[in-house]
Amino acid sequence: MRAHLIAGNWKMNKTPSETEVFLARFLPLVSQAEPEIVLLPAFPSLHRAGCLLCKTNVRLGAQDLHPEPRGAFTGAVSAEMLIDCGCRYVLVGHSERRHVFGESNALVRCKLEAAVSGGLHPILCVGETLAERRAGETESVLQTQLGSDLADLSARSFPHLVVAYEPVWAIGTGETATTRQAQDAAAWIREWLRRELGASAGETIRILYGGSVKPDNAAELLALPDVDGVLVGGASLDPVGLAQIVAEARA
Ligand code: 13P
């Protein structure tokens, strides 16, 4: 049985001071919690969060990284910098990076490689738009994203990889995928991982669902056989709400 992972993607929210206030409220609520918890604050909050989390059961992650290790890339942040702040995880290919910032599958692939070789655990986000779902293209979109993002990834990366299914139409809209839609997509992804990366990768790689996850719908999503956790946006900004979601997860 794969242990659940509960990840909070704060996007462009919370200053370092607000991060500290959040943690003061959140950490006592989850100090006994056993599922893996990951918080993904914005870059400026990482260092302070890393100091406050280092002796806790909550892990730290970043929302993005640059594929190169260093150099003249104004505004960018490398895997090594994230590790030094205490990060273990990093989001790669989030739909806002793909659609708002125009990241291609080729760039996502390079970032994934940089994350793995830099010692980070990538959370690779995939998912279709509403138009693609309505056109019956969900599986072909997932196939293209997974096929190109994970192309030729070495087997040593598999234990560190997490895949998040985030249908774009469910992100920040209040419209969650039905349990049937979430399970069908997660099962399809697991079958793809089995077929393309091998049986063991298919069994061990965790698949998260993301898109309007809230305390009142987390339990039914976490009960699905192929959903191994949730990637929470808006609802992760509230320490009490996020702790309620954690309470629905298994270790
Ligand atoms: P919401 O939970 O706000 O819909 O965001 C989901 C998401 O994008 C998490 O990465």
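Now for a quick tour of the structure. Given the structure is predicted, the values throughout are model-derived calculations rather than measurements.

Criteria and cut-off values
- Within each chain, residue numbers correspond to sequence positions counted from 1 in written order.
- Given that this is a predicted model, residues contribute local features only at a pLDDT of at least 70 and side-chain atom pairs are listed and counted only at 80 or more, while totals for whole chains, interfaces and linings are drawn from all residues.
- Based on all heavy atoms of the structure, the side-chain values leave hydrogens and waters out of the count.
- Working definition: residue near molecule or strand if any one of its non-hydrogen atoms lies within 4 Å of it.
- Polar contacts here mean pairs of N or O atoms no more than 3.5 Å apart (in protein, one a potential hydrogen donor and the other a potential acceptor; neighbouring residues in sequence count only if both atoms are side-chain atoms).
- Residue exposure ignores everything except the shown protein chains as possible cover, and the areas themselves are Shrake-Rupley values with a 1.4 Å probe.
- Using protein atoms alone on a 1 Å grid, points that fit a 1.4 Å probe yet trap it form a cavity, whereas open point sets bounded by protein on both sides within 12 Å along at least five of seven lines form a pocket; residues with an atom within 4 Å of a point count as lining.
- In this description, a molecule resides in a pocket or cavity if more than half of its atoms sit within 2 Å of the grid points defining it.
- The classification of residues rests on relative accessible area computed with a 1.4 Å probe and restricted to protein chains. Under 20% of the type maximum is buried, over 50% is exposed, and intermediate values are partly exposed.
- Going along the chain from the N terminus, every DSSP run of H or I of four or more residues is numbered as a helix, and every run of E of two or more is numbered as a strand.
- Pairing between strands requires that DSSP locate at least two bridges from one strand to the other.
- The contact definition used throughout considers only heavy atoms, calling two residues in contact when any of these lie within 4.5 Å.
- A fitted line through C-alpha atoms serves as each axis, taken over the contacting stretch for helices, and the angle formed by two N-to-C directions is quoted from 0 to 180°.
- Salt bridges are counted wherever a side-chain nitrogen of Lys or Arg sits within 4 Å of a carboxyl oxygen of Asp or Glu.
- Think of it as the arc spanned by the lines of direction from the helix axis to the C-beta atoms.
- Grid points are joined across faces, edges and corners, and a volume is the space filled by probe spheres set on the points.
- Nonpolar residues are Ala, Val, Leu, Ile, Met, Phe, Trp, Tyr, Cys and Pro. Charged residues are Asp, Glu, Lys and Arg, and all others, Gly as well, are polar.

**Topic: the site of the ligand**
Line of reasoning, step 1. Near the ligand, the surroundings consist of Asn9, Lys11, His94, Glu166, Ala170, Ile171, Gly172, Gly211, Ser212, Leu231, Gly233 and Gly234.
Line of reasoning, step 2. The separation between an oxygen atom of the ligand and a polar main-chain atom of Gly172 is 2.6 Å.
Line of reasoning, step 3. For the ligand, whose free accessible area comes to 310 Å², the fraction covered by protein is 95%.
Line of reasoning, step 4. Judged by the proximity of its atoms to the pocket grid, the ligand belongs to the second largest pocket.

**Examining the pairing of strand 6 (residues 162–165)**
Line of reasoning, step 1. In strand 6, alternate side chains face the same way, and those of Val162 and Ala164 on one face and Val163 and Tyr165 on the other are all buried.
Line of reasoning, step 2. The sheet contact formed by strand 5 (residues 121–126) and strand 6 spans four bridges and is parallel. Opposite Leu124, over in strand 6, you have Val163 as the bridge partner.
Line of reasoning, step 3. As defined by bridge partners, strand 6 adjoins strand 7 (residues 206–210) across four bridges and the pair is classed as parallel. Following the sheet pairing, Val163 is matched in strand 7 by Ile207.

**Structural notes on the environment of Leu39**
Line of reasoning, step 1. Relative to the helices and strands, Leu39 resides in strand 2 (residues 36–40).
Line of reasoning, step 2. Along the primary structure Leu39 and Trp10 are separated by 29 residues, whereas in three dimensions their C-alpha atoms are 7.8 Å apart.
Line of reasoning, step 3. The contact partners of Leu39, leaving out residues within four places of it in the chain, are Gly8, Trp10, Phe22, Leu23, Phe26, Val58, Arg59, Leu60, Gly61 and Leu242.

**Focus on the sheet that holds strand 6**
Line of reasoning, step 1. One closed barrel holds the eight strands; their spatial order is 1-2-3-4-5-6-7-8, and the pairing between them is parallel. Adjacent strand axes in the sheet meet at a mean angle of 25° when their direction is disregarded.
Line of reasoning, step 2. Pairing analysis gives four bridges linking strand 1 (residues 5–9) to strand 8 (residues 229–232), with the strands arranged parallel. Of the residues in strand 8, the one forming a bridge with Leu5 is Gly229.
Line of reasoning, step 3. Strands in contact with helix 7 (residues 138–149) are strand 5 and strand 6; relative to strand 5, the strand with the most contacts, it is inclined by about 150°.

**Some points on the pattern of salt bridges**
Line of reasoning, step 1. Applying the stated rule across the entire model yields 20 salt bridges.
Line of reasoning, step 2. Residues Glu96 and Lys11 are paired through a salt bridge, measuring 2.8 Å at the closest nitrogen-oxygen approach. With Glu96 in helix 4 (residues 95–99) and Lys11 in the loop between strand 1 and helix 1 (16–30), the pair connects residues that are 85 residues apart, well separated along the chain.
Line of reasoning, step 3. We note a salt bridge from Arg133 to Glu128, for which the minimum N-O separation is 2.7 Å.
Line of reasoning, step 4. Ionic contacts of the salt-bridge type, sharing partners, join the residues Arg2, Arg190, Glu191, Arg194, Glu203, Asp226 and Asp228 into one network.

**Some points on helix 10 (residues 215–222)**
Line of reasoning, step 1. Considered for burial, the residues of helix 10 that qualify are Asn217, Ala218, Leu221 and Leu222. Axial view of helix 10: buried residues confined to an arc of 135°, hence all on one face.
Line of reasoning, step 2. In this structure, the buried residues of helix 10 make contact with strand 1, helix 8 (179–197), strand 7, strand 8 and helix 11 (239–247).

**Regarding the layout of surface pockets**
Line of reasoning, step 1. For the largest pocket, the calculated volume is near 480 Å³.
Line of reasoning, step 2. Around the largest pocket, the lining is made up of 21 residues, and of these Phe43, Gln63, Asp64, Arg97 and Phe101 lie nearest the centre.
Line of reasoning, step 3. Listing elements by their share of the lining of the largest pocket, those giving two or more residues are helix 2 (43–53) and helix 4.
Line of reasoning, step 4. Here the lining of the largest pocket is composed, by residue class, of 11 nonpolar, six polar and four charged.
Line of reasoning, step 5. Approximately 200 Å³ is the volume attributed to the second largest pocket.
Line of reasoning, step 6. Surrounding the second largest pocket, 21 residues form its lining, Lys11, Gly172, Ser212, Gly233 and Gly234 being those nearest its centre.
Line of reasoning, step 7. Classifying every residue of the lining of the second largest pocket gives seven nonpolar, 11 polar and three charged.

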